[in-house]
Structures are given as structure tokens and as C-alpha cells.
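# Chain and residue survey
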Amino acid sequence: MAEIPQRLIVVGASGGIGQALTRALLDEFPAAQIYATHNRSAIPFHHERVDWRQLDVVDPDAIETWAAAFDRVDWIINCVGFLHGAQGGPEKNIRSLEPEFLLDNIKINTLPSLLLARNFAAPLKKSPAPLLATISARVGSIEDNRLGGWYSYRISKAALNMALKTLSIEWRHSHPRGCVAALHPGTNDTALSKPFQANVPPGGLFDPSYTATSFVALLSRLDPSQSGQFWAWDGSKLAW
Ligand SMILES: NC(=O)c1ccc[n+]([C@@H]2O[C@H](COP(=O)([O-])OP(=O)(O)OC[C@H]3O[C@@H](n4cnc5c(N)ncnc54)[C@H](OP(=O)(O)O)[C@@H]3O)[C@@H](O)[C@H]2O)c1
């Protein structure tokens with residue numbers, strides 16, 4: 001995108017990738033103001049151009065109230081995600097499927113991007129080059145599913161991908177200068193991947209700062225004709 005974004009939102013900026021992305025955006029866009037959210041974690045760092053807010057993305061009213069404070073927004077990047085928690089971890093097989101765990105995955109991984117799109121549609125429309133991007137995961141690709149397992153996470157990310165694709169089609173008309181993107185970060189060394197890092201091949205576990213820099217470069221060159229795609233950190237396109 002030729003336009004330099006000035007007002008950017010990073011949702012889930014307290015996470016491993018979200019925090020690195022916020023720092024990469026500060027470096028890349030030295031005049032930009034960033035609005036960053038955390039939920040349960042403390043604010044990870046302070047900076048004069050970062051305005052922090054506590055936000056639980058499963059609360060639609062909280063998103064609506066926050067969005068009402070914005071006039072124009074250029075980029076929104078959603079880095080929130082859930083894979084494991086007190087209620088359990090990804091399923092090895094169908095016998096381990098628990099309805100509440102599946103619904104928690106959808107509440108955190110799928111629904112918030114739709115709520116962000118609904119509530120920030122007007123402020124994004126005022127941007128010359130609006131962008132809405134969410135970190136998905138390759139395991140949400142239906143075509144790429146070779147290993148099976150991880151029902152709830154896969155389902156929530158596949159549904160997220162469909163949500164973003166559908167939004168991109170609607171925004172072709174309502175936000176013709178805009179771009180919607182689903183992103184795959186590779187395997188990053190964060191709390192989310194910690195319990196599953198043992199089988200990562202050598203060189204396959206990224207420092208989130210590498211992924212964040214790669215995402216900023218990728219997002220900066222997207223244009224509206226590329227809206228509605230699923231991108232890996234290295235700029236390659238993934239199958240839905
Ligand atoms: N790490 C990987 O290898 C990997 C691979 C593929 C895809 N991804 C995706 O990349 C994204 C970022 O993951 P990460 O590795 O950076 O994970 P992480 O370090 O565990 O961070 C997760 C983030 O999600 C936020 N979050 C969770 N529930 C929330 C809620 N209800 N409301 C608001 N925020 C909430 C957390 O906020 P608080 O901590 O403040 O509560 C935190 O900022 C996720 O979508 C993940 O699925 C990661």
C-alpha cells in the first residue's frame with residue numbers, strides 16, 4: 001500500500017506475536033499512533049506513541065464502546081488467539097472433544113474479528129487505505145489438513161478464514177480502497193506454542209520479532225486487488 005498508515009490498532013498486543021508486531025510497527029512507521037490492547041497480561045512496555053487499553057474480545061459491548069471513540073483508523077491487526085488453557089488443550093482424537101472447549105476456541109479465535117469488522121467499519125472507511133488483518137494459522141486450512149487432530153482450534157481458525165474471506169467480498173463494494181488478510185505466522189516461540197515445541201524441526205521455531213518484521217513488510221505491500229487471501233509470513237499464499 002502506498003499510503004503510510006497513521007492510526008493503527010493492534011488487538012492482543014500483550015501476546016508474543018502481538019507485542020513484537022507493535023514494536024515492529026513503531027519502527028516502520030515513526031509518525032504513527034498505535035492503539036494496543038491487552039487483556040489478562042500486564043501492559044508489556046510503555047511508549048509515547050502507544051495508547052494501551054484493557055479489552056476482553058469476547059465482550060461485544062466492550063468492543064462497541066471502544067470503537068465509538070475512533071474517528072479514523074487505518075490498520076487493525078488482530079493478534080488474539082487461544083489454543084490451550086485451564087480448560088484443556090487441543091484434542092488428539094474425537095473422544096476428547098468437549099463442547100465448552102470448542103465454543104471457547106470459537107469465541108476467542110473466530111468471533112472477535114467479525115465484531116472488530118462490524119464496529120470499526122465506519123472508522124476504517126475514512127482511511128485512504130484501510131486494512132483489517134487477523135493472525136489465523138495454517139492448521140485452519142482445510143486443504144492443508146494432513147495430520148488431523150486439534151478439532152477445536154482447526155475449526156475455529158477455518159471459520160475465521162471463512163469470515164475474513166466473506167468480509168473481503170462485502171468490503172470490495174463498501175471499502176473499495178481496503179484490504180482484508182488472514183495471516184499465518186509459522187511456529188513462533190510464544191506461550192501459545194510452548195507445550196508443542198518439542199517436535200519443531202531445527203530452525204523452524206521463529207523469534208516473534210522475525211515474524212513481526214515479515215508481516216509489516218507483507219502488509220505494507222498489499223493492495224485492494226489482493227484482498228481476501230491467506231498469507232504466510234514469507235509472503236507465500238496458502239490454500240484455504
Ligand atoms: N505461536 C505460534 O506458533 C502460532 C502459530 C500459528 C498461529 N498462531 C496465532 O498467532 C496469534 C498470536 O499468538 P501468540 O503465539 O502470540 O500467542 P500468545 O503469546 O499466547 O498471545 C495470545 C494473545 O491473545 C490475547 N487474548 C487471549 N484471549 C483473549 C481475550 N478473551 N480477550 C483479549 N485478548 C485475549 C492474550 O491477551 P492477554 O495475555 O493479555 O490475556 C494475548 O495478547 C494467535 O491467533 C495464534 O493462534 C500462533
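To keep things clear, this report deals only with the structure shown in the data block. (Residues numbered from 1 in each chain as written. Predicted model: local features only at pLDDT ≥ 70, side-chain atom pairs only at ≥ 80, totals over all residues. Heavy atoms only, no water.)

### Let's talk about the overall build of the protein
Counting its regular elements, the protein contains 5 helices and 9 strands. Reading the protein from its N end, one meets helices and strands in the order β-α-β-β-α-β-α-β-α-β-β-β-α-β. The principal-axis extent of the C-alpha atoms belonging to the protein is close to 50 × 40 × 35 Å. Counting across all 240 residues of the protein, residues that qualify as buried make up 50%. Carbon and sulfur atoms provide 54% of the accessible area of the protein, an area that totals close to 11,500 Å². (Helix = DSSP H or I, 4+ residues; strand = E, 2+ residues; numbered from the N terminus. Buried < 20%, exposed > 50% of the residue type's maximum accessible area, 1.4 Å probe, protein only. Areas by Shrake-Rupley, 256 points an atom, 1.4 Å probe, with all protein chains shown as cover.)

### Re unusual backbone geometry
The backbone phi angle of Trp150 is positive, close to 55 degrees, even though this residue is not glycine. By the secondary structure assignment, Trp150 is in the loop between strand S5 (131-135) and helix H4 (151-174). What makes Trp150 partly exposed here is its relative accessible area of 27%.

### Some points on the pairing of strand S4 (residues 75-78)
Neither face of S4 is open: one carries Trp75 and Ile77, the other Ile76 and Asn78, and all of them are buried. Relative to S5, S4 runs parallel, the two sharing 4 bridges. Its bridge partner lying in S5, Trp75 is registered against Leu131. Traced from S4 through helix H3 (residues 99-125) to S5, the parallel crossover comes out right-handed. (Pairing = 2+ DSSP bridges. Right-handed = clockwise from strand over helix to strand, strands pointing away.)

### Observations concerning the sheet that holds S4
If you trace the 7 strands from one edge of the open sheet to the other, you get S3-S2-S1-S4-S5-S6-S9, paired in parallel fashion. At either margin of the open sheet sits one strand with a lone partner, and together these are strand S3 (50-54) and strand S9 (229-232). Between one strand axis and the next, the sheet turns through 20 degrees on average, direction left out of account. With 5 bridges joining them, strand S2 (residues 33-38) and S3 adopt parallel strand pairing. In the sheet register, Ile34 faces S3, and the bridge partner there is Val50. Strand contacts of H3: strand S1 (7-11), S4 and S5, with the helix running at about 170 degrees to S4, the strand carrying the most contacts. (Axes fitted to C-alpha atoms, helices over the stretch in contact; angles between N-to-C directions. Contact = heavy atoms within 4.5 Å.)

### A look at the site of the ligand
In the region of the ligand, 29 residues are neighbours, and Ser14, Asn39, Ser41, Tyr153 and Thr190 sit closest. Contacts to the ligand include Asp56, whose side-chain N or O atom sits 2.9 Å from a nitrogen atom. Gly81 is positioned with one of its backbone polar atoms (N or O) 3.3 Å from an oxygen atom of the ligand. When the ligand is considered free in solution it has 900 Å² of accessible area, and contact with the protein chains removes 89% of it. Breaking the shell around the ligand down by element, the ones donating at least two residues are helix H1 (16-28), H4 and strand S7 (187-188). Considered class by class, the residues forming the shell around the ligand number 12 nonpolar, 14 polar and 3 charged. (Near = heavy atom within 4 Å. Polar contact = N/O pair within 3.5 Å; in protein donor to acceptor, adjacent residues only side chain to side chain. Nonpolar A, V, L, I, M, F, W, Y, C, P; charged D, E, K, R; others polar.)

### Some details on the packing of H1 against helix H5 (residues 208-220)
Packing of H1 against H5 brings their axes to within 8 Å, and their N-to-C directions diverge by 50 degrees. With respect to each other, H1 and H5 are oriented oblique. As for the relative orientation of H1 and H5, their crossing is right-handed in sense. Residue-level inspection shows Gly16, Ile17, Ala20, Leu21, Ala24, Leu25 and Glu28 of H1 in contact with H5, the latter providing Pro208, Ser209, Ala212, Thr213, Phe215 and Val216. Broken down by class, the residue content of the contact of H1 with H5 amounts to 9 nonpolar, 3 polar and 1 charged. (Parallel < 35°, antiparallel > 145°, perpendicular 65-115°, else oblique. Left-handed = near helix turned anticlockwise from the far one by under 90°.)

### Side note on a negative patch on the surface
On the surface, Asp56, Asp59, Asp61 and Glu64 cluster together into a negatively charged patch. Looking at the element boundaries, Asp56 is found in the loop between S3 and helix H2 (60-67). (Patch = residues over 30% accessible without salt bridge, like charges linked within 9 Å, V, L, I, M, F, W, Y side chains within 5 Å. Salt bridge = Lys/Arg side-chain N within 4 Å of Asp/Glu carboxyl O. Lys, Arg positive; Asp, Glu negative; His and termini not counted. Charge placed at Lys NZ, Arg CZ, Asp CG, Glu CD.)

### Details of a nonpolar patch on the surface
A surface patch of nonpolar side chains, about 260 Å² in accessible area, is lined by Ile94, Tyr151 and Ile155. Looking at the element boundaries, Tyr151 is found in helix H4. By relative accessible area, which is 31% here, Tyr151 ends up partly exposed.

### Concerning H5
When the terminal C-alpha atoms of H5 are compared, their 18 Å separation across 13 residues agrees well with the 18 Å that a helix rising 1.5 Å per residue should span. Of the positions making up H5, those classed as buried are Pro208, Thr211, Ala212, Ser214, Phe215, Val216, Leu218, Leu219 and Ser220. (Expected span 1.5 Å × (residues − 1).)

Without other data, these values stay purely geometric and don't point to any function.
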